[in-house]
Amino acid sequence: MARLQLARRTERLKSSLVRDILAAAVQPGMISFAGGLPAADLMPALPLAATADAGLYQYGSSEGEPAFREAVAGWIGETGLKVSPDQVLALAGSQQGLDFAAKLLIDEGTPVLCEAPSYVAALQVFELFGAKILGVPLSADGPDLAAFEARLREDRPRAVYLIPCFQNPSGACYSMDARRAVAALLDRYDTLLIEDEPYRSVALDVDQPMTPICALLERAPWIYLGSFSKILWPGWRMGYLAAHPALMPHLVRLKQAADLHTQRPGQMAVAHWLGSEGRAADLDGLRSGYRLRRDAMQTALQRHFGDIADWTVPRGGLFFWLRLRGELEATRAVLDQALAQGVAFMPGEAFFAEPELGRQCLRLNYSRSTPEEMERGLALLARCLHEHALATV
Ligand SMILES: Cc1ncc(COP(=O)(O)O)c(C=O)c1O
């Protein structure tokens, strides 16, 4: 074969560890805590009748179906962020919005500030376009504000990427004080915010408002990303963005250049579901199911990890984030050992631009396993961690 001549940026195209692990995790008999897949048995039925109109199978508009944009503007409005339908763009999953944000904002060497840890596939696309990722430490209710301000002041990032509701991977959920403080700092340093919220509706116990930070900004520009993947089947690839009006023409052109428009039947099904009377009951059912699984995972974790790790019980989202104590590490090497024994998890290093920061961390998904699998899988995993630690002393 002739030598492949590829764009220079492909040298930065890392394979996503998540995808590699997911491929291993589907082997028969594997207990997987690795992915972020929603639970199939809890997903609501989509109103397929709404997709029957043959007219929907023709090309459509790049911005999205008017009914979808209208319904999504209302849905976003329920969070406290008021947007007009003109500010909404239908996406093929919110991941596409991360791709557009990267194309719009990142040149080689552009500084982008992210939570440390952050979402793997966001780091992947930002790095592909050449971003210099800057990290800010995160606790259960928001970022370290002094470190956040120092980064804005000294490194002048062109954009800040945050997941304030049930963050992937850490489960952190920003307090209102943290949201206000972050918004004030972004305004002060006039820095663009990319706010990503795929888990907002997977809220299990929430006793505080979760106003989007975009709604609290007075002058900084913003892009707000949302998704139906975690509440209405990810295979539909239905997501959306809303943005500051000055950014919309650029984002619509990026959409045209990427794939002309988002599939129309899915937009109509989602618009119909958003307007349906059953929507609240669907979400309640989903949350009750997740709550039971989250609690079962907590019980099994206390039994098998109580002496070896620290964690905060997630109040929403799909993950537990553990920090191991002492000499224990959850690196790629431990992963290979665990996979060989039939259990998959996500090593913490995948979630940091500086992987060594995550050596003692691991992410565990709780939405797809039965209580019996949690028991068996966590016992196996704890044993692998101990064996690895003994082998490396
Ligand atoms: C933080 C975060 N953003 C974006 C996405 C992408 O979701 P979608 O399926 O809407 O593309 C995910 C998926 O897991 C995620 O965790």
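Residues numbered from 1 in each chain as written. Predicted model: local features only at pLDDT ≥ 70, side-chain atom pairs only at ≥ 80, totals over all residues. Heavy atoms only, no water.

**Examining the pairing of strand β11 (residues 319-324)**
Now for step 1: Most of β11 is tucked away: five of the six residues are buried.
Now for step 2: Examined bridge by bridge, strand β10 (residues 309-310) and β11 share two bridges and lie antiparallel to one another. Its bridge partner being in β11, A309 is matched across the sheet by L324.
Now for step 3: Pairing geometry for β11 and strand β14 (residues 361-365), over five bridges, is antiparallel. When the sheet's bridge partners are listed, L322 is paired in β14 with L362. (Buried < 20%, exposed > 50% of the residue type's maximum accessible area, 1.4 Å probe, protein only. Helix = DSSP H or I, 4+ residues; strand = E, 2+ residues; numbered from the N terminus. Pairing = 2+ DSSP bridges.)

**Some points on the site of the ligand**
Now for step 1: By nearness alone, 14 residues border the ligand, and S94, D196, Y199, S227 and S229 come closest of all.
Now for step 2: A distance of 2.7 Å is found between an oxygen atom of the ligand and a backbone nitrogen or oxygen belonging to S94.
Now for step 3: Here R237 contributes a side-chain N or O atom positioned 2.8 Å from an oxygen atom of the ligand.
Now for step 4: When the free accessible area of the ligand is taken as 400 Å², the share hidden by the protein chains comes to 92%.
Now for step 5: Residues belonging to the shell around the ligand are distributed by class as follows: five nonpolar, six polar and three charged. (Near = heavy atom within 4 Å. Polar contact = N/O pair within 3.5 Å; in protein donor to acceptor, adjacent residues only side chain to side chain. Areas by Shrake-Rupley, 256 points an atom, 1.4 Å probe, with all protein chains shown as cover. Nonpolar A, V, L, I, M, F, W, Y, C, P; charged D, E, K, R; others polar.)

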